[in-house]
Structures are given as C-alpha cells and as structure tokens.
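Report on the structure
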Amino acid sequence: MASFVVSYHPFFSPTSRLYSPSPSLSIPSVTQCKGWGRGVLMLPLKCLSKQTPDSETESSSSSSSSSISAYSWCAGLGGLGFLETTYLTYLKLTNSDVFCPIGGGTCSDVLNSDYAAVFGVPLPLIGMAAYGLVTILGLQLAGKSVPFGIGETNGRLVLLGTTTSMSAASAYFLYILSTQFPGASCSYCLVSALLSFSLFFTSLKDFQLKDIQKTVVLQLCIASLVVATLSTSYNTLPVSTSLADIDLQPFTVEITTQSSPLALSLAKHLQSIGAKMYGAFWCSHCVEQKQMFGREAAKLLDYVECFPNGYRKGIKIDKACSAAGIEGFPTWVINGEVKELF
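An unreviewed UniProt entry lists the protein chain under the name Vitamin K epoxide reductase domain-containing protein, with Vitis rotundifolia as the source organism. Looking at the protein chain in UniProt, the text filed under Subcellular location (unreviewed entry) is "Membrane". The record held by UniProt for the protein chain lists under Sequence similarities (unreviewed entry) the comment "Belongs to the VKOR family."

Shown next as structure tokens:
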C-alpha cells in the first residue's frame, strides 16, 4: 500500500483531474483535509504486482536452453558410441584382430565369442544402429525439427525408449561378462555400458516426475522384452551342458620318447612340404602322435594350437584353425588336403 499526497490551491477544485492513474494502480478511496486556504488530498494507492513480458521470456529461454543442453548431450554421447561400434563392426565383418588397450587376449576372447552375436547378427552392428538413432534424435530435438513429423513429445518418447532398451541390454551383457567370463576384462564392453547408462539418465532428466510415472510401465515392458530376446538368443547356442562349467587353462605335456631315424626323416619331410598339425592342448590323441614321433622329431613339426588361451564356455576356436576348417583333433593339412587322424 502506498499513499500519495497532493496539495492544491483553494482556487482550484480538488475534483479537477490532473493525471490519469496507471491501469496497474488501484484507488479504493479518497481523503480530503482542509486547512487555511489550502487543501490536502491523500490518495491511498495499491501497487499490483505483474510479471513483465521480459521475465516470461527469460523463464522460457532458460527452460528451452536446459532442454537443448540435454539433447545435445545425448547427441554427443551417441556419437561416441557410434564411433566405437563402427570400429568393432568393421573388425567383425573383416575378421580382423581387435586392439584391446586393457585386458589383453581376454578382451578379444569376449568380442569373438558366441555371445557377440544375437540371432546371428553381430552385436556391434546392432549397437551401431542404436547409437546412430540416438545421435540423430538428439540433433533433431536440439534443433526443434523432429523427423517424419512425429512431433517433439513423441520424439522424446522414442529417445527414452531407445536409451531404455540400450541400458537394459548393457546390464544383461555385464551379467554375462561376470558369469560366463570370470576374470576377463573387456574395455569396449565397459565403455559401451557407461555410454548406455549415461544416455538413459540424460534422456530421463528432461522428463518431469509426473511424466516419468506415466511412462514407467512402458519402460519396464521395453526392458523386459530386451532381456527376453537376448536370453532366447543365447539359450540356442550350441554348447553342451556337460561342458558348461569347464574352465581349462593351457598346459603342455612333455614328450618323453626318443625319436627314431625314420621319425626324424618323416618330420623333416613334413616340414619341407609345409604340412601342419592342428591340435588342442587337452587332446590325448595329439599327445600320442607326438610321442610316436619322439622328442626330437616333435620339435620339427609345424604344430598349431587351436585354443592358445585355454578353453571355457563361450570361447571360440583360434582364427587359423577356423580358417582351415578344423573340426576335430588332431588334424593334418598336407599339400592342401585335410586329413583327420583321430
């Protein structure tokens, strides 16, 4: 409440209107005090608060910049994931060795195992498609131009559904890594999981609590569908239940017999024509054949170990043995002909 005092001369009528009050001022009453030839008019005025258009614009721009920032984060994180999965997809399709900065051979074992594909489709290829979709949606939502005319609201829901499925898949893969590859380290798997979880929480940050309550059922359905699909795919892997718990570390068996002149001559001949013997460290028939050659002759043989890093569930045969079409041990390749001697 504010009071304004207006002094006027007696020759002027107090009823004369000297100014027009602002529409935002309320004048409930007028009090007039008369003195010696001079009157005092007191006008109690009430100042009404009103939000200016500038403050509304600032509030709107602040909310808009927050949304754009979240979408930009999604686009950036999605781009990093797209680059990673593109690299892994290239290696998978070209059957090249993967460079593992942390974990060494165990990283390659995980990425080349049966768990690196879902219904025959390479897992990095699926990840590349998912990260690419997140990147495109993040860029489009940040620019307020959602593709296919689905609208910003539906675009946000598609983004949230995609990141939900990615985080659910990453959680399942971390479970597989810890149970099926104990002690193994896969830096690419951990980076992908970190990106997926970060994308999920970043996209979820743009939703209000009441919006999250409305979509929680949909998110649970998406996560359940992803886990069910992956479980169905991995349950069809051709792995014998009797070998499910085997974890063999590589070892060598000492050859104790002495080589005969005939065995030495045969070993030298096989070496000269480029013959190769493919085997596995646990193969008893491989050891028997080496014992037949003897200690000296066995050293001359071109022996290829098909499981140099040991054997456990999910580990694939070595690339050299796979390329030669080895199905049992021992197997000889002599002059381009595969001879299975077991």
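Considering the UniProt feature "transmembrane region" (unreviewed entry) in the protein chain
The positions UniProt marks with the feature "transmembrane region" (unreviewed entry) are residues 115-137, 157-175, 181-204 and 216-234. Measuring from the first to the last C-alpha atom of residues 115-137 gives 29 Å, for a span that is 65% helix and 17% strand. Taken end to end, residues 216-234 has its terminal C-alpha atoms 27 Å apart, with 100% of it in helix and 0% in strand.

Quick word on helix 6 (residues 209-235)
Count 3.6 residues to each turn of an α-helix, and residues three or four apart come out pointing the same way. In this model, helix 6 (27 residues) spans 38 Å end to end at C-alpha, consistent with the 39 Å of a helix rising 1.5 Å per residue. The axis of helix 6 is deflected most strongly, by about 45°, at Thr215. Every buried residue of helix 6 is listed here: Thr215, Gln219, Val226, Leu230, Ser233 and Tyr234. As for helix 6, its buried residues are in contact with strand 5 (117-118), helix 3 (123-142), helix 4 (151-180) and helix 5 (187-205).

Regarding a nonpolar patch on the surface
A surface patch of nonpolar side chains, amounting to about 330 Å² of accessible area, comprises Leu248, Phe251, Val253 and Trp282. With respect to the helices and strands, the residue Phe251 is situated in the loop between strand 7 (247-248) and helix 7 (261-272). For Phe251, a relative accessible area of 40% translates into the label partly exposed.

Observations concerning the packing of aromatic side chains
Two measures describe an aromatic ring pair: the distance that separates the ring centres and the angle between the ring planes. Going through the model one piece at a time under the given rule, you end up with 13 aromatic pairs. Ring geometry for Phe251 versus Phe281: centroids 5.1 Å apart, planes at 85°, classification edge-to-face. One end of the pair, Phe251, is in the loop between strand 7 and helix 7; the other, Phe281, is in the loop between strand 8 (276-279) and helix 8 (284-293), and 30 residues separate them in sequence. Look at Phe281 and you get buried, because its relative accessible area is 7%. Ring pairs connect the aromatic residues Phe251, Phe281, Trp282, Phe307, Tyr311 and Phe329, which therefore count as one cluster. The cationic tip of Lys290 hangs over the ring face of Tyr303; the distance from NZ or CZ to the ring centre is 3.5 Å.

Rules and cut-offs
Residues numbered from 1 in each chain as written. Predicted model: local features only at pLDDT ≥ 70, side-chain atom pairs only at ≥ 80, totals over all residues. Heavy atoms only, no water. UniProt positions renumbered as here; feature names shortened; annotations may be inferred. Helix = DSSP H or I, 4+ residues; strand = E, 2+ residues; numbered from the N terminus. Expected span 1.5 Å × (residues − 1). Bend = angle between axes of the 7 residues up to and from the residue. Buried < 20%, exposed > 50% of the residue type's maximum accessible area, 1.4 Å probe, protein only. Contact = heavy atoms within 4.5 Å. Patch = residues over 30% accessible without salt bridge, like charges linked within 9 Å, V, L, I, M, F, W, Y side chains within 5 Å. Areas by Shrake-Rupley, 256 points an atom, 1.4 Å probe, with all protein chains shown as cover. Salt bridge = Lys/Arg side-chain N within 4 Å of Asp/Glu carboxyl O. Phe/Tyr/Trp six-rings, centres within 6.5 Å; stacked < 30°, edge-to-face > 60°. Lys NZ or Arg CZ within 6 Å of the ring centre and 35° of its normal.

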